[in-house]
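Descriptive structure summary
Given next are the chains, with one letter for each unit.
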Amino acid sequence: MLRVSGTQSCDVVVIGAGITGAMTAEILTRAGHSVIVVDRAFPGRGSTAASTAMLLWEIDSSLVELADLYGFDKASAVYQRSLLAVSGIADLVERLALPCQFALRPSLYLAPPGEGAGDLAQEHAARARAGLPGSLLSREELIGAFGFDRPAALVSPGSAEADPVQLSHGLLQAAFRRGARLVADEAVRYDWDDDTAYVALASGASLNARKVVLATGYDMPDFVRSDLHSIVSTWCIATAPVPGNAIWNDRALLWEAADPYLYARLTQSDEIILGGEDEVIEDADKRDSKMAEKSAALARRMRALWPDRDYTFTSSWTAAFGQTEDGLPLIGPVPGARHILAAYGYGGNGITFSFMASRIIAELVAGAPRPWFDDFALDRGQP
């Protein structure tokens, strides 16, 4: 990481060197733009490092819920773009030969205990109408195929997993090879005029660019506002490597049709990583104070789902992330801030929406907006 002094100029300044910043820097440098990436910490230390790295194409808002808000055609198009985003990440990892433990996985979307299969059957019908892949499993089929005793589940191909820090570092290295620069500093003030955006750094240096991209996780500058956005805390725990009888079929990515939902995956070295128990909490000390309580709750929920297994939970962590009321990200121009673009509000689809955001931002930098970008606008109407 570099230190700069005086005033530096480039085509695009990217604030944040996590997964979104890395994906954005990679595609912009591939298009020939000069890029400066700014981060106050080591790249990938924030939300990226806390991710459980489940690259789901399924969105926190179900297709049925999203269709109720925005109509079926718009909802199904959003879901199709999310599905394509995961395959786009797969293509990117292969093209750049990124060592990030990437693997395609099916997802298993479980009905909550004690409920029927009706909601999942409705969701399955909507997905089939939209041309999305997947099958509805009855309780008996689910037990037979996976061993989980729930009323029903949707099993769907096309999701994936990866090490998010390795992925972001690999993408940044690709951008650096094309001339991008990484600056170790903190953006403390933003300004703009008709032609240029300006970033003042804590060191006293300043950056000028045609565009500035805010890729700062859940930490928004005060001029970025959305009535849809809130900050949520999540808690995660991980096991030591588990024995063979604790590895479920296909290493599917698990999550629930519940609020809050449990989510879990198996790493390639056979640890189970699980998380959930989400709450709307912004205060870091309050979030940390709940670590023991939430870890115990997660362990209970996992044992209830997958009983009679020998677990040893070895680590735990907590993190904040941004979510929106409709489950869709906030991507695009910041209202009232000329030449400044932002990407926030990913919910449970962090890396998937990061990829989507980087592609939208690249088109906006190129001056080629598309009508469907409005689906993710920061100032879109309340659902």
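The structure contained in this document is the topic of the report that follows. Just so we're clear, the structure is a prediction, and the values are computed from it rather than from any experiment.

1. Some words on the packing of helix 1 (residues 19-30) against helix 7 (residues 164-177)
Between helix 1 and helix 7, the least distance of the axes is 8 Å, while the angle of their chain directions is 30°. The orientation of helix 1 relative to helix 7 falls into the category roughly parallel. In this structure, helix 1 meets helix 7 at a crossing whose hand is left-handed. Contacts between helix 1 and helix 7 involve Ile-19, Ala-22, Met-23, Ala-25, Glu-26 and Thr-29 on the former and, on the latter, Pro-164, Leu-167, Ser-168, Leu-171, Leu-172, Ala-174 and Ala-175.

2. Examining the nonpolar core
Of all hydrophobic cores here, the largest spans 62 residues; its most connected members are Val-14, Met-23, Leu-28, Val-35, Leu-63, Leu-167 and Leu-171. Among the elements that take part in this core, helix 4 (residues 72-96) stands out by supplying 11 residues, more than any other. Apart from the residues lying within four places of it in its own chain, the contact partners of Val-14 are Gly-21, Thr-24, Leu-28, Val-35, Ile-36, Val-37, Val-38, Val-213 and Ala-215.

3. Considerations on a negative patch on the surface
Together, Glu-65, Asp-68, Glu-115 and Asp-119 make up a region of like negative charge exposed at the surface. Within the element layout of this structure, Glu-65 appears in helix 3 (residues 63-70).

4. Things to note about the packing of aromatic side chains
Under the criterion given, the structure shown has 13 aromatic pairs. Centre to centre, the rings of Trp-57 and Tyr-79 are 6.2 Å apart; their planes meet at 85°, and the pair counts as edge-to-face. Of this pair, Trp-57 sits in the loop between strand 3 (54-55) and helix 3 while Tyr-79 sits in helix 4, placing them 22 residues apart in sequence. The two residues Trp-57 and Tyr-79 agree in class, both being buried. Geometrically, the ring pair formed by Trp-192 and Phe-223 is tilted, given 5.5 Å between the ring centres and 55° between the ring planes. Here Trp-192 is found in strand 8 (residues 187-192), whereas its partner Phe-223 is found in the loop between strand 10 (206-214) and strand 11 (229-239), with 31 residues between them in sequence. On the basis of relative accessible area, Phe-223 is assigned to the buried category, the value being 18%. Cluster of aromatic residues (ring-pair linked, three or more members): Tyr-109, Trp-255, Tyr-261 and Tyr-263. Above the plane of the ring of Trp-372 lies Arg-81, whose end atom (NZ or CZ) is 4.0 Å from the centre.

Definitions and limits used
Residues numbered from 1 in each chain as written. Predicted model: local features only at pLDDT ≥ 70, side-chain atom pairs only at ≥ 80, totals over all residues. Heavy atoms only, no water. Axes fitted to C-alpha atoms, helices over the stretch in contact; angles between N-to-C directions. Helix = DSSP H or I, 4+ residues; strand = E, 2+ residues; numbered from the N terminus. Parallel < 35°, antiparallel > 145°, perpendicular 65-115°, else oblique. Left-handed = near helix turned anticlockwise from the far one by under 90°. Contact = heavy atoms within 4.5 Å. Core = buried A, V, L, I, M, F, W, Y, C linked by side-chain atoms within 4.5 Å. Buried < 20%, exposed > 50% of the residue type's maximum accessible area, 1.4 Å probe, protein only. Patch = residues over 30% accessible without salt bridge, like charges linked within 9 Å, V, L, I, M, F, W, Y side chains within 5 Å. Areas by Shrake-Rupley, 256 points an atom, 1.4 Å probe, with all protein chains shown as cover. Salt bridge = Lys/Arg side-chain N within 4 Å of Asp/Glu carboxyl O. Lys, Arg positive; Asp, Glu negative; His and termini not counted. Charge placed at Lys NZ, Arg CZ, Asp CG, Glu CD. Phe/Tyr/Trp six-rings, centres within 6.5 Å; stacked < 30°, edge-to-face > 60°. Lys NZ or Arg CZ within 6 Å of the ring centre and 35° of its normal.

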